[in-house]
Amino acid sequence: MSAKKRSPSKVLTKKNSARADSRRHRDQLARNPVYEHDRTHVSDHPIRVGLSTSSVYPMTVTEVFAAAQRLGYDGVEVMITNNAETQDVDLMRGLTAETGLPVMSLHAPTLLFMPRVLDKDHWVKLRRTCEMAKEVGARSVVVHPPFRWQGEYAKGFVPGVRELSKETGMILAVENMYPWRAGVREVLVYYPDWNPLDEDYDAMTFDFSHAATAGMNALETVAGIIDRLAHVHLTDGAGSLKDEHLVPGRGTMPVAETLQHLAKHNWSGDVVVEVNTRFARKKSTREEMLAESLAFARKHLGLDAAQAAAGSGESAVTADEENA
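The rules behind these values
Residue numbering note: each chain is counted from 1, following its sequence as written. Given that the model is predicted, a residue must reach a pLDDT of at least 70 before its local features are reported, and side-chain atom pairs must reach 80 or more before they are shown or counted; all residues, however, enter totals for whole chains, interfaces and linings. With hydrogens and water set aside, each side-chain value is computed from the structure's full complement of heavy atoms. Helix numbering and strand numbering both begin at the N terminus, where a helix is a DSSP run of H or I of at least 4 residues and a strand a DSSP run of E of at least 2. Each residue is placed in one exposure class: buried if its accessible area under a 1.4 Å probe, protein chains only, is under 20% of its type's maximum, exposed if it is over 50%, and partly exposed if it falls in between. The contact definition used throughout considers only heavy atoms, calling two residues in contact when any of these lie within 4.5 Å. The protein chains shown are the only cover counted for residues, whose accessible areas, like all others here, come from Shrake-Rupley with a 1.4 Å probe. We score Asp and Glu as negative and Lys and Arg as positive, and we do not count His or the chain ends. The atom standing in for a charge is NZ when the residue is Lys, CZ when it is Arg, CG when it is Asp and CD when it is Glu. Strands are treated as partners if at least two bridges between them are detected by DSSP. Here a pair means two rings of Phe, Tyr or Trp (six-membered ring of Trp) with centres within 6.5 Å. Their orientation is stacked below 30 degrees between planes, edge-to-face above 60, and tilted elsewhere. A right-handed crossover is one whose linking path, passing over the helix from the first strand to the second, runs clockwise when the strands point away from the viewer.

J.: How should I be thinking about the overall build of the chain in this particular structure?
T.: Secondary structure assignment for the chain yields 12 helices and 11 strands. Over its C-alpha atoms, taken along the principal directions, the chain stretches across nearly 90 × 50 × 45 Å. Taken over 324 residues, the chain has a buried fraction of 51%. Long-range pairs, those at least 24 residues apart, make up 77% of the contacts in the chain between residues at least 6 apart in sequence. Summed over all atoms, the accessible surface of the chain reaches about 15900 Å², with 51% contributed by carbon and sulfur. Within the chain, one finds 39 positive and 43 negative side-chain charges whose respective centroids are separated by 10 Å.

Structural data, given as structure tokens:
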């Protein structure tokens, strides 16, 4: 009797080169600087800069709207969690009416520790998030790629996202994640991958902190997906093992260069500040971090120059005019 043939085992890890890649990208940029200090680029599309509720956790949605209004943000991104306020459509609409700040986007509850928020069925969870987004007037829904163990949801995720977007009329912007590490190996926990670049998504979210942890070339990546890039999570990272979510400019990623590239090439999406202020001991320290992040975004997107030109009656130089 012949022995039963064993099916090939699945390869669930691979060698991780994130740190080496991160150093290599920094060295390349240092040798070939691209930031144009003598030019201010401004997209002729209105780029909004919003504040994510995850930046001020555990503050309530109500408190986030107040902080965003006080600091001069253009709107708010609400990450849906098990906190009742993040699921309260009437509250969000009331806060928009009160502050004049829109809900720019909703972040679907697709994090590892939120398996049953909104619903235990992952497609129902995403559909409900899209429905809520429509009700509050949000432009897009941010969603993470699925985990490998999430069965049929994971296997059908790429075409399923497109179908759900068509069904609901919402932009579903899939976010780049990062490899989980076990020593020098990368554990393949996301399906089809933590990196959405090679998948057939119509819209994507780019997160600088995730890119830093993954060792991605942020500027090159954003330049390559600019036609599909709907959303940016503005933060920074130093290429460590942790997902740091630093204030932009405090890490080692080419955040300024990338924002200038977006403005120069007439990008039209939303930028949302998503920094970690959880360990700020004082409210004033947290507000300083959020104000610094907003100022960074406005400077490198050319928004301050555009506002100053508008105030003086002059016309700002747009991306189209810069490239003419």
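J.: I would appreciate a short explanation of the pairing of strand E11 (residues 270-273) in the present structure.
T.: Side-chain positions along a regular strand alternate between the two faces of the sheet. Neither face of E11 is exposed, since Asp 270 and Val 272 on one face and Val 271 and Val 273 on the opposite face are all buried. Two elements, strand E2 (residues 48-52) and E11, share 4 bridges in a ladder whose sense is parallel. Bridge pairing in E11 places Leu 51 opposite Val 273. Where strand E10 (residues 229-234) and E11 come together, 4 bridges link them in parallel fashion.

J.: For this particular structure, what's the right way to read the packing of aromatic side chains?
T.: Within a pair of aromatic rings, the relevant descriptors are the distance that separates the centres and the angle that separates the planes. Applying the stated criterion to the full structure yields 9 aromatic pairs. Residues Trp 123 and Phe 157 carry aromatic rings whose centres are separated by 6.2 Å and whose planes lie at 25° to one another, so their mutual orientation is stacked. Taken as a pair, Trp 123 in helix H4 (residues 122-136) and Phe 157 in helix H6 (residues 157-168) lie far apart in primary sequence, 34 residues in all. Given a relative accessible area of 23%, Trp 123 falls into the partly exposed group.

J.: In this structure, what is going on with the environment of Gly 156? I would like to understand it.
T.: Take Gly 156: it is sitting in the loop between helix H5 (151-155) and H6. The class of Gly 156 is partly exposed, set by a relative accessible area of 24%. Sequence spacing of Gly 156 and Val 184 is 28 residues, and the spatial spacing of their C-alpha atoms is 30 Å.

J.: Any chance you could explain the pairing of strand E3 (residues 75-79) here in plain terms?
T.: With 5 of 5 residues buried, E3 is to be regarded as a mostly interior element. What you see with E3 is no split at all: Gly 75, Glu 77 and Met 79 on one side and Val 76 and Val 78 on the other are buried throughout. Sheet topology places E2 next to E3; 3 bridges connect them, and they run parallel. When the sheet's bridge partners are listed, Leu 51 is paired in E3 with Val 76. At this point the chain moves from E2, through helix H2 (residues 61-71), to the parallel E3, and the crossover so formed is right-handed. Pairing geometry for E3 and strand E4 (residues 103-107), over 4 bridges, is parallel. Directly across from Glu 77, in E4, lies its bridge partner Ser 105. Read from E3 through helix H3 (residues 89-99) to E4, the crossover connection turns out right-handed.

J.: Just checking my understanding: could you explain the environment of Gly 269 for this structure?
T.: With respect to the element layout, Gly 269 can be found in the loop between helix H9 (255-264) and E11. Exposure remark for Gly 269: the relative accessible area of 5% places this residue in the buried category. As for Gly 269 and Thr 205, which are separated by 64 residues in sequence, their C-alpha atoms are 9.7 Å apart. Each residue touching Gly 269, except ones within four places of it in the same chain, is listed here: Pro 46, Ile 47, Arg 48, Arg 139 and Ala 230.

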